[in-house]
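Spelled out, the chains give:
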Amino acid sequence: MPEETDVKPPTVTPMRVVIAVCLIAPFVAMLWVSSYAKVEPTFIGIPFFYWYQMLWVLISTALTMIAYKLWQRDQRSRKGGASA
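Source: prediction; values computed, not measured. (Residues numbered from 1 in each chain as written. Predicted model: local features only at pLDDT ≥ 70, side-chain atom pairs only at ≥ 80, totals over all residues. Heavy atoms only, no water.)

Asks: Could you clarify how one ought to interpret the packing of helix 1 (residues 14-31) against helix 2 (residues 48-78) in this entry?
Replies: The relative placement of two packed helices is expressed as an angle between their axes plus a distance between the axes. One can describe the packing of helix 1 onto helix 2 by two numbers: an axis separation of 9 Å at closest approach and a directional angle of 165°. The pairing of helix 1 with helix 2 is recorded here as roughly antiparallel in orientation. Pair helix 1 / helix 2 crosses with left-handed handedness. A class-by-class count of the residues in the contact of helix 1 with helix 2 yields 16 nonpolar, four polar and four charged. (Axes fitted to C-alpha atoms, helices over the stretch in contact; angles between N-to-C directions. Helix = DSSP H or I, 4+ residues; strand = E, 2+ residues; numbered from the N terminus. Parallel < 35°, antiparallel > 145°, perpendicular 65-115°, else oblique. Left-handed = near helix turned anticlockwise from the far one by under 90°. Nonpolar A, V, L, I, M, F, W, Y, C, P; charged D, E, K, R; others polar.)

Okay, structure coming up:
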């Protein structure tokens, strides 16, 4: 008979919800093409369609960094506050 282990299922916490939102937001923004499939407004001569996507490259980077830092903090708190 296999030995039972004390494994807890993943817990949904507010921090994990924020992490998920940070990681999902760029996908939603880029997959909703009809929201940015236009020429106006232009930015330094670049149509909206292009500069909006380039802006999301920067936003996605920032959101991924935030999600990573929050994940690290979440893991430290689950391990009892030990520093990583």
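Asks: Explain the nonpolar core here, please?
Replies: What tends to happen in soluble globular proteins is that the nonpolar side chains get buried as a cluster. By size, the foremost hydrophobic cluster in this structure holds ten residues: Ile19, Cys22, Ala29, Tyr36, Phe48, Tyr52, Trp56, Leu63, Ala67 and Leu70. The dominant element in this core, judged by the number of residues it contributes, is helix 2, at six residues. Those residues within four positions of Cys22 in sequence are excluded, and the remaining contacts are Leu63, Ile66 and Ala67. (Core = buried A, V, L, I, M, F, W, Y, C linked by side-chain atoms within 4.5 Å. Buried < 20%, exposed > 50% of the residue type's maximum accessible area, 1.4 Å probe, protein only. Contact = heavy atoms within 4.5 Å.)

Asks: What am I meant to see in helix 2 here?
Replies: Owing to its 3.6 residues per turn, the α-helix brings residues three or four apart onto one side. Counted at 1.5 Å a residue, the expected span for helix 2 with its 31 residues is 45 Å, and the 43 Å between its end C-alpha atoms agrees. Within the span of helix 2, buried status applies to Phe48, Tyr52, Trp56, Ser60, Leu63, Ala67, Leu70 and Asp74. Where the residues of helix 2 are buried, they touch helix 1. (Expected span 1.5 Å × (residues − 1).)

Asks: Before we go on, may I ask you to explain unusual backbone geometry in this structure?
Replies: Note: most peptide bonds trans; most residues except glycine with negative phi. Of the consecutive residues Glu40 and Pro41, the connecting peptide bond is found in the cis state with omega at 0°. As for its placement among the helices and strands, Pro41 is situated in the loop between helix 1 and helix 2.

Asks: Just checking my understanding: could you explain the environment of Phe48 for this structure?
Replies: Relative to the assigned elements, Phe48 resides in helix 2. For the pair Phe48 and Ala37, spaced eleven residues apart in the sequence, the C-alpha separation amounts to 7.8 Å. Contact partners of Phe48, with chain neighbours within four places excluded, come to Ser35, Tyr36, Lys38, Val39, Glu40 and Pro41.

Asks: What am I meant to see in the environment of Ile59 here?
Replies: By the element assignment, Ile59 lies in helix 2. What makes Ile59 partly exposed here is its relative accessible area of 28%. Sequence separation of Ile59 and Pro26 is 33 residues, and the distance between their C-alpha atoms is 7.8 Å.

Asks: Just to check I follow, could you spell out the packing of aromatic side chains for this structure?
Replies: Both the distance between ring centres and the angle between the ring planes are used here to describe each pair of aromatic rings. The final tally for this structure, using the stated rule, is seven aromatic pairs. Ring geometry for Phe43 against Trp51: centres 5.9 Å apart, planes inclined by 55°, an arrangement best described as tilted. Ring centres of Phe49 and Tyr50 lie 5.2 Å apart, and the angle between their planes is 85°; this geometry places the pair in the edge-to-face category. You can call Phe49 partly exposed: its relative accessible area is 28%. On the basis of relative accessibility, which here comes to 51%, the residue Tyr50 falls in the exposed class. Taken together, Tyr36, Phe43, Phe48, Phe49, Tyr50, Trp51, Tyr52 and Trp56 form an aromatic cluster joined through their ring pairs. One Lys or Arg, Lys38, reaches over the ring of Phe48 and ends 5.2 Å from the middle of that ring. (Phe/Tyr/Trp six-rings, centres within 6.5 Å; stacked < 30°, edge-to-face > 60°. Lys NZ or Arg CZ within 6 Å of the ring centre and 35° of its normal.)

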